[in-house]
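Notes for the structure review
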Amino acid sequence: MRLYAVVATGGFRRYATYRVATAAGVFTNTVFGFIMAYTYIALWDQRPHLGGYDLPEALTYVWLGQALLMTCAMMGGGFEDELIERIRTGDIAIDLYRPADLQLFWLASDLGRAAFHLLGRGIVPVLLGGLAFDLAMPASPLSWLAFLLAVTLGVVVSFAVRYLVALSAFWLMDGAGVIQITWLAGLFFSGMLLPLTLFPGALGELARILPWSSLLQIPVDVLLGKHTGWGLVQAYAFQLSWAAALLGAGRLLQTIATRRVVVQGG
């Protein structure tokens, strides 16, 4: 476990070196936060309590979305491009023979990346949003701890999806198309554009049971107190179930790919 802790720390430090990019990201998230906030204000003026949120809750949803956009890599931007390149060039063979689990290695690195983006790119936009608008931020530390746990589980689900995408390069040799489809699905079905509670009928039901709802919709609802008691346990169980299923699928594909590399190497 010490190895993976070091890898996670390295992932954090790696992204912390890009100070200009971080500042640009904070600026971009803040600008889009204001654009979406005023759009939500216009929408909620016409339809108060839309989707089960009052206006302060809806604005909180907007700014937390900006904080979690890169944290949960809803539009990609994590390890997958590097892993796909290593598969394409054949360098993955070296990784598979190292005394470290490939999946855990990249998971640890991605957790470090997510921690940096939450602190480096997430806090400032939320603080600026709080200064400009009336947000529904809870005062209880327990609510924030529950939120952080939901975010952590969301990051793991996000990693598991992107790990499967990266492993597809063993058969496709170019994961660019799969990456684009995945981040479009993640952007839409995470609730980044609109809360999933606003999606009508069967589309709403589908959106809420897909893994991407773990990335934004569930963490925000946890912070806003939409999930309490047994409902909170069910929300965590939903995230854990998707994490376990997707990580298991990734483990299976990794095993198949490893055997393929061994056979070709032999």
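Quick note: structure is the one above.
Residues numbered from 1 in each chain as written. Predicted model: local features only at pLDDT ≥ 70, side-chain atom pairs only at ≥ 80, totals over all residues. Heavy atoms only, no water.

**Considering the side chain of serine 158**
Residue position: serine 158 is located in helix H7 (residues 141–167). For serine 158, a relative accessible area of 3% gives the class buried. A distance of 3.0 Å separates a polar atom in the side chain of serine 158 from a polar atom in the side chain of arginine 162. (Helix = DSSP H or I, 4+ residues; strand = E, 2+ residues; numbered from the N terminus. Buried < 20%, exposed > 50% of the residue type's maximum accessible area, 1.4 Å probe, protein only. Polar contact = N/O pair within 3.5 Å; in protein donor to acceptor, adjacent residues only side chain to side chain.)

**Overview of the environment of tyrosine 18**
On the secondary structure map, tyrosine 18 appears in the loop between helix H1 (2–16) and helix H2 (19–46). A sequence separation of 220 residues divides tyrosine 18 from phenylalanine 238, and the C-alpha atoms of the two residues are 35 Å apart.

**Concerning the side chain of glutamine 254**
Among the structural elements, glutamine 254 can be located in helix H12 (residues 230–265). Polar contacts involving the side chain of glutamine 254 include one to the main-chain amide nitrogen of glutamine 103, which spans 3.4 Å. Those residues in contact with glutamine 254 that lie beyond four places of it in its chain are Asp101, Leu102, Gln103, Tyr163 and Leu167. (Contact = heavy atoms within 4.5 Å.)

**A few points about a nonpolar patch on the surface**
Taken together, the side chains of Leu43, Phe188, Leu193, Leu194, Leu203, Leu206 and Ile209 define a hydrophobic patch exposed on the protein surface, amounting to about 540 Å² of accessible area. You can see isoleucine 209 is positioned in helix H10 (residues 201–209). (Patch = residues over 30% accessible without salt bridge, like charges linked within 9 Å, V, L, I, M, F, W, Y side chains within 5 Å. Areas by Shrake-Rupley, 256 points an atom, 1.4 Å probe, with all protein chains shown as cover. Salt bridge = Lys/Arg side-chain N within 4 Å of Asp/Glu carboxyl O.)

**A look at the nonpolar core**
One broad rule of soluble globular proteins: the nonpolar side chains tend to lie buried together. Residues Tyr40, Met74, Leu83 and Tyr163 are the most contacted members of the largest nonpolar core, which totals 63 residues. Of the residues forming this core, the biggest block, 12 residues, is contributed by H7. With sequence-adjacent residues up to four places away left out, leucine 83 is seen in contact with Ile92, Trp106, Tyr163 and Ala166. Core analysis: the second largest hydrophobic core is formed by 7 residues, Ala146, Leu153, Ile218 and Ala235 among them. (Core = buried A, V, L, I, M, F, W, Y, C linked by side-chain atoms within 4.5 Å.)

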